[in-house]
Amino acid sequence: MALFKAFINSPVGPKTTHFWGPVSNLGFFIAGVADMKKPPEMLSGNMTGVLCVYSALFMRFAWMVRPRNHMLLASHALNESVQLYQLSRWAKGKG
Amino acid sequence: MATSKLQALWNHPAGPKTIHFWAPTFKWGISIANIADFAKPPEKLSYPQQFAVTATGIIWSRYSMVITPKNWNLFSVNLAMAGTGLYQLSRKIRHDYFNEEETAALKE
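Computed from a prediction, not measured in an experiment: that's the story for all the values here.

**Student:** Any chance you could break down the overall build of chain A for me, citing the residues and the numbers?
**Tutor:** Along the backbone of chain A there are four helices and zero strands. N-terminal to C-terminal, the α/β element order of chain A is α-α-α-α. Taking 95 residues into account, the globule formula puts the C-alpha radius of gyration at 12 Å, and chain A, at 16 Å, lies well above it. Here chain A holds 95 residues, and the buried ones make up 40% of them. For chain A, contacts bridging at least 24 residues in sequence account for 66% of all contacts bridging at least 6.

**Student:** Lay out the interface of chain A and chain B with the relevant residues and their values.
**Tutor:** In many analyses, interface size is given as the accessible surface area lost on bringing the parts together. Across the contact, 29 residues belong to chain A and 30 residues belong to chain B. Of all residues in chain A, A:Thr17, A:Phe28 and A:Met47 bury the most surface against chain B, accounting for 22% of the area lost on that side. There are zero salt bridges connecting chain A and chain B. Between the two partners, chain A and chain B, sit six residue pairs in polar contact (both at pLDDT 80 or more). Contributing elements (two or more residues each) for the side of chain A that touches chain B: helix 2 (17-34) and helix 3 (45-64) of chain A. Here the side of chain A that touches chain B gets 11 residues from one element, more than from any other, and that element is helix 3 of chain A. Among the residues forming the side of chain A that touches chain B, the class breakdown is 18 nonpolar, seven polar and four charged.

**Student:** Before we move on, could you go through the packing of aromatic side chains and cite the residues and values that matter?
**Tutor:** All names here are of chain A. Applying the stated criterion across every chain yields a total of eight aromatic pairs over all chains. Taking 5.9 Å as the distance between ring centres and 70° as the angle between the ring planes, the aromatic pair formed by Phe7 and Phe19 counts as edge-to-face. A residue pair is termed long-range when its members are at least 10 positions apart, and Phe7 in helix 1 (residues 2-8) and Phe19 in helix 2 qualify at 12 residues. Phe19 gets classed as buried once you look at its relative accessible area, which sits at 11%.

**Student:** Kindly report on the packing of helix 3 of chain A against helix 3 (residues 28-36) of chain B, identifying the contributing residues and their values.
**Tutor:** At a minimum axis distance of 9 Å, the contact between helix 3 of chain A and helix 3 of chain B shows a crossing angle of 175°. Taken together, the axis directions place helix 3 of chain A and helix 3 of chain B in an arrangement best described as roughly antiparallel. Between helix 3 of chain A and helix 3 of chain B, the residues in contact are A:Asn46, A:Met47, A:Val50, A:Leu51 and A:Tyr54 and B:Gly29, B:Ile30, B:Ala33, B:Asn34 and B:Ala36, respectively. In the contact of helix 3 of chain A with helix 3 of chain B, the residues fall into seven nonpolar, three polar and no charged.

**Student:** Tell me about the environment of A:Ser81, and name the residues and values.
**Tutor:** Here A:Ser81 shows up in helix 4 (residues 70-94). A polar contact of 2.8 Å, which involves the side chain of A:Ser81, links it to the backbone oxygen of A:Ala77.

**Student:** Report on a nonpolar patch on the surface, specifying residues and quantitative values.
**Tutor:** On the surface, A:Met1, A:Phe4 and A:Phe7 cluster together into a nonpolar patch covering about 370 Å² of accessible area. On the basis of relative accessible area, A:Phe7 is assigned to the partly exposed category, the value being 40%.

**Student:** Describe helix 4 (residues 47-66) of chain B, with residues and values.
**Tutor:** Note that an α-helix has 3.6 residues per turn; residues three or four places apart therefore point the same way. Between its terminal C-alpha atoms helix 4 of chain B stretches 29 Å, which fits the 28 Å expected from 20 residues at 1.5 Å a residue. For helix 4 of chain B, the set of buried residues is B:Gln49, B:Gln50, B:Ala52, B:Val53, B:Thr54, B:Thr56, B:Gly57, B:Trp60, B:Ser61, B:Tyr63 and B:Ser64.

**Student:** How would you summarise the side chain of B:Asn78 if you had to cite specific residues and measurements?
**Tutor:** Residues and elements named next belong to chain B. Relative to the helices and strands, Asn78 is located in helix 5 (residues 72-97). The class of Asn78 is buried, set by a relative accessible area of 0%. At 2.8 Å, the side chain of Asn78 and the backbone oxygen of Leu74 are in polar contact. Apart from the residues lying within four places of it in its own chain, the contact partners of Asn78 are Lys27, Thr56, Gly57, Trp60 and Ser61.

**Student:** I'd like a rundown of the side chain of B:Gln88, residues and numbers included.
**Tutor:** Residue and element names in this part refer to chain B. Within the element layout of this structure, Gln88 appears in helix 5. The exposure class of Gln88 is buried, given its relative accessible area of 0%. A polar side-chain atom of Gln88 sits 3.4 Å from the main-chain carbonyl oxygen of Asn34. The contacts of Gln88, once residues within four sequence positions are left out, are Asn34, Asp37, Phe38, Leu45 and Gln50.

Reading the values: rules and limits
- Residues numbered from 1 in each chain as written.
- Chains lettered and ligands numbered in written order.
- Predicted model: local features only at pLDDT ≥ 70, side-chain atom pairs only at ≥ 80, totals over all residues.
- Heavy atoms only, no water.
- Helix = DSSP H or I, 4+ residues; strand = E, 2+ residues; numbered from the N terminus.
- Rg over C-alpha atoms; globule rule 2.2 N^0.38 Å.
- Buried < 20%, exposed > 50% of the residue type's maximum accessible area, 1.4 Å probe, protein only.
- Contact = heavy atoms within 4.5 Å.
- Buried area = accessible area lost by both parts, 1.4 Å probe.
- Salt bridge = Lys/Arg side-chain N within 4 Å of Asp/Glu carboxyl O.
- Polar contact = N/O pair within 3.5 Å; in protein donor to acceptor, adjacent residues only side chain to side chain.
- Nonpolar A, V, L, I, M, F, W, Y, C, P; charged D, E, K, R; others polar.
- Phe/Tyr/Trp six-rings, centres within 6.5 Å; stacked < 30°, edge-to-face > 60°.
- Axes fitted to C-alpha atoms, helices over the stretch in contact; angles between N-to-C directions.
- Parallel < 35°, antiparallel > 145°, perpendicular 65-115°, else oblique.
- Patch = residues over 30% accessible without salt bridge, like charges linked within 9 Å, V, L, I, M, F, W, Y side chains within 5 Å.
- Areas by Shrake-Rupley, 256 points an atom, 1.4 Å probe, with all protein chains shown as cover.
- Expected span 1.5 Å × (residues − 1).

This is the structure:
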């Protein structure tokens, strides 16, 4: 109970913007997972490539920003993996 | 005079030697990639991805205005994301739901 209260009232908790911003970034990861069943011709090389660089940069940002934002780091780490996978599928589809 | 101002910018704690500069700056790439994809046929657009672009754009636009200090760079890049995402969504929705009459007529 005390742990839960500590989370709710944390300076990077759900009462703050430091929480919901990273949560919204999970949308990219969820979209990536949903698109894993799409055939490679339907994938956008532009967008997937950009998202790979974007999440790599923001993993570093999340680590260096104060307060350090582990949720942001995690959401971008997840996105990085799915986008790299999608990029490999797109590239293989290009032949 | 100008060089010392430039030096101040160069050495700023959120300046071009730091991730605080490059990560938000690169975020423009998402909107640029989306604008490049305006030329893609709507069948190839992804609802989940465009919804994610739009939603994160709207949420972060709001949040960049409530943090201290206000971050206009972050605000504008997320506003652009929301705008391009909404446009792509409208293209795909129009194609999927409002072109049925035309394609039905063609089939007849």
